[in-house]
Every structure is written in C-alpha cells, then in structure tokens.
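One-letter residues, chain by chain:
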Amino acid sequence: MTTIKIQSQANWANDLAPQKADLWHKWLAITDSQAERNTLWFMISMIVQGVLFLPLPAVLIYYYNAPTLILVVTLSLFFANIITGMSGSGIRTTLSLFLISIIVQLSMLIVFML
C-alpha cells in the first residue's frame, strides 16, 4: 500500500518566494527557454557573423583607415563562436557570446565611422 507524503508549509514558502526581476535574471530566463534550440542559435550566430561581421574589418580598414587590430578582434570573436557552438557548450554560453560579439562589432562600427 502506498502512502501519501504531505509537504510542510516551510517548503511551500520557498516555492512562493518572489523571483528577482533584474536584467541578469531575465536574460537567464530567456536563454534557458531557448535550450532546445541550441543548434539553431549556433547556426544563426554563424550566419550573422559570416555575412555581416566578417566583411566589416575590410570596410573599416580600407575606407576609414582603422587599425588592423579590429581584424584580430573580429576573427577572435568569430572563432570563439565556432568553438563554443561545436564544443557542445550550453545555451547560456552560446547566446551570451553571440550577444557580446554583436555589441563589440557594432561598437567598433560606431567608433570608426563617426
């Protein structure tokens, strides 16, 4: 005969505790909700970086006389995304690195074009 185990109210109080609503916890909730789409996000990051961000150093160096260091930064971010996606890293790492690379690339574009 099976018995029913009753939980104490102390455990219920932990379940009903208010969740933190700051930006970091919202980001973690978004990334965790995309866990089953890890391969899709890896492919999206490779396509976006290959089409939009890999030609960026050539444009900035040729037209805006930017230093060649931006080529190193761009390729480092691109290969870091490849390694992250192909090594089986979690979705938090994949999306965070993708967001960081977008922010870095757009900030380089803004700095050298203005």
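The present account deals with the structure reproduced in this document. (Residues numbered from 1 in each chain as written. Predicted model: local features only at pLDDT ≥ 70, side-chain atom pairs only at ≥ 80, totals over all residues. Heavy atoms only, no water.)

## Thoughts on the overall build of the chain
And step 1. Across its full length, the chain holds 6 helices and 0 strands.
And step 2. Listed N to C, the secondary structure of the chain is α-α-α-α-α-α in terms of helices and strands.
And step 3. In the chain, which comprises 114 residues, the proportion classed as buried is 23%.
And step 4. Long-range contacts, defined as pairs at least 24 residues apart, comprise 73% of the intrachain contacts of the chain with a sequence gap of at least 6.
And step 5. When the accessible surface of the chain is totalled, it reaches about 8,300 Å², and 70% of it is carbon and sulfur. (Helix = DSSP H or I, 4+ residues; strand = E, 2+ residues; numbered from the N terminus. Buried < 20%, exposed > 50% of the residue type's maximum accessible area, 1.4 Å probe, protein only. Contact = heavy atoms within 4.5 Å. Areas by Shrake-Rupley, 256 points an atom, 1.4 Å probe, with all protein chains shown as cover.)

## Considerations on helix α6 (residues 91-113)
And step 1. Along its 23 residues, α6 runs 33 Å from first to last C-alpha, staying within 8% of the 33 Å computed at 1.5 Å per residue.
And step 2. Looking only at α6, the buried set comprises Ile 91, Thr 94, Leu 95, Leu 97, Phe 98, Ser 101, Gln 105 and Met 108.
And step 3. Of the surrounding secondary structure, the elements contacted by the buried residues of α6 are α2 (23-33), α3 (38-53), α4 (56-64) and α5 (69-86). (Expected span 1.5 Å × (residues − 1).)

## Description of the pattern of salt bridges
And step 1. A complete count under the given rule lists 2 salt bridges for this structure.
And step 2. For Arg 92, the salt bridge goes to Asp 32, with nearest N and O atoms at 2.7 Å. Pair noted here: Arg 92 is in helix α6 and Asp 32 is in helix α2, with a separation of 60 residues, a long-range link.
And step 3. Overall, Asp 32 belongs to the partly exposed group, its relative accessible area being 38%.
And step 4. Here Arg 37 makes a salt bridge to Glu 36, at a shortest N to O gap of 3.5 Å.
And step 5. For Glu 36, a relative accessible area of 63% translates into the label exposed. (Salt bridge = Lys/Arg side-chain N within 4 Å of Asp/Glu carboxyl O.)

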